[in-house]
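Listed here are the chains, written in short residue letters.
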Amino acid sequence: MINRRRISVTLLVVVAIAAFVVLARWYAPRRAAAPLAPQALALVVSTGADRGEGSLREALFTADAADDAASVQIRVPRITLQSGLPPLVNPHGLTIAADPQILAQGGVQIDAHALAAGTPVLDVDADHVTLSDLAIDGCPGTAILVRAARFTLTGSSVRSCDVGVEVATGGGRIALERNRLQDNRIAVRFTAASPDTILVNNQFAGNDTGLWMVASQAGAPGSVLQVTGNQFSADHTDIVTGNLPALIEQNQFASMSEAAVHVVGSDAIVR
């Protein structure tokens, strides 16, 4: 009797397992598929015209409206602007870079001579923007206005502008690396403390002022601007710093007209 009960129980267990397997196989294909993670929007600039299909302007309008991060690849050697571009406001991140083939042929030049004096060429108004391998030339105003944190400029050049890069935010995490800033009134300007910010391996040449780091009030402790491994040549004044915590080290200075480093106020370390 006991053996019969055991056999009966075993059979019931086997039947239950078989039913569960069949049910699982039936249900699996009917489950809702997990939503795919959104992909970064890839845009291409294919014309050097100021506006229209394939222009940088249209690419920036599209990137600003994207639901995720976006990238803009420029595949023309020259862009001639007639008016200000839309601000960069994609909150998910934006990368603008030259196409590798165009870069191998000399890179991308953005001609900004026609812009008004108060109009920046690129107005960075959202975090996580990266600009790479661009050349901005002849802007009557500011080439790149940075009003957000986590901004990176690398491998680019700014020439003959009133201000090359204006950092108008205290958000910090700004990185300027391997750029050339030449013949500007002010090449790079900071007017507020910028924590976790670094300028490294840049070239400054022929500017009235290479690097301006001056605030009306002393910066917060710990928010040090690091200026390392840069080359300054033939500027009127290479660096002016005051009331902003700054570490200026291992830079090269040559042929300045007035001063290599002009310190106003406190909080600068030069070595």
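Above this note sits the structure.
Residues numbered from 1 in each chain as written. Predicted model: local features only at pLDDT ≥ 70, side-chain atom pairs only at ≥ 80, totals over all residues. Heavy atoms only, no water.

Undergrad: Now, about helix 2 (residues 56-64): what can you tell me, with residues and values included?
TA: Within the span of helix 2, buried status applies to Leu56, Arg57, Ala59, Leu60, Ala63 and Asp64. End-on, the buried residues of helix 2 take up no more than an arc of 160 degrees, which puts them together on one face. Where helix 2 is buried, its residues meet strand 1 (41-45), strand 2 (70-74), strand 3 (78-80), strand 4 (94-98), strand 5 (108-111) and strand 6 (122-124). (Buried < 20%, exposed > 50% of the residue type's maximum accessible area, 1.4 Å probe, protein only. Helix = DSSP H or I, 4+ residues; strand = E, 2+ residues; numbered from the N terminus. Arc of directions from axis to C-beta. Contact = heavy atoms within 4.5 Å.)

Undergrad: Lay out the nonpolar core in plain terms, naming residues and giving numbers.
TA: As a rule of thumb, soluble globular proteins bury nonpolar side chains together. One finds Ile144, Phe151, Val188 and Met213 to be the most contacted residues of the largest nonpolar core, which totals 58 residues. Looking at which element gives the most residues to this core, the answer is helix 2, with 4 residues. In contact with Phe151, other than residues within four places in its own chain, are Val124, Val129, Leu131, Ile144, Val146, Arg173, Ile174, Ala175 and Leu176. (Core = buried A, V, L, I, M, F, W, Y, C linked by side-chain atoms within 4.5 Å.)

Undergrad: Tell me about the pairing of strand 21 (residues 237-242), and name the residues and values.
TA: Burial analysis of strand 21 places 6 of its 6 residues in the buried class, which makes it a mostly covered element. The pairing of strand 18 (residues 209-214) with strand 21 spans 5 bridges and is parallel. Across the sheet, residue Leu211 finds its bridge partner in strand 21, namely Ile239. Across 5 bridges, strand 21 lies against strand 24 (residues 259-264) in parallel orientation. Looking at the pairing, Thr241 lines up with Val263 of strand 24. (Pairing = 2+ DSSP bridges.)

Undergrad: Kindly report on the environment of Ile144, identifying the contributing residues and their values.
TA: Residue placement: Ile144 occurs in strand 9 (residues 142-146). Setting aside residues no more than four positions away along its own chain, Ile144 makes contact with Leu122, Val124, Leu131, Ile136, Phe151, Leu153, Gly164, Val165 and Glu166.

Undergrad: Describe the sheet that holds strand 1, listing the residues and the values that go with them.
TA: Read across the open sheet, the 10 strands follow the order 1-2-4-7-10-13-16-19-22-25; overall the sheet is parallel. In this open sheet, the two edge strands, each paired with only one partner strand, are strand 1 and strand 25 (268-270). Each neighbouring strand pair of the sheet contributes to a mean axis angle of 10 degrees, computed without reference to strand direction. Bridge count between strand 22 (residues 246-249) and strand 25: 3 bridges; the pairing is parallel. When the bridges of strand 25 are listed, Ala246 appears paired with Ala268. Relative to the sheet, helix 2 contacts strand 1, strand 2 and strand 4, its axis offset from that of strand 1 by approximately 165 degrees. (Axes fitted to C-alpha atoms, helices over the stretch in contact; angles between N-to-C directions.)

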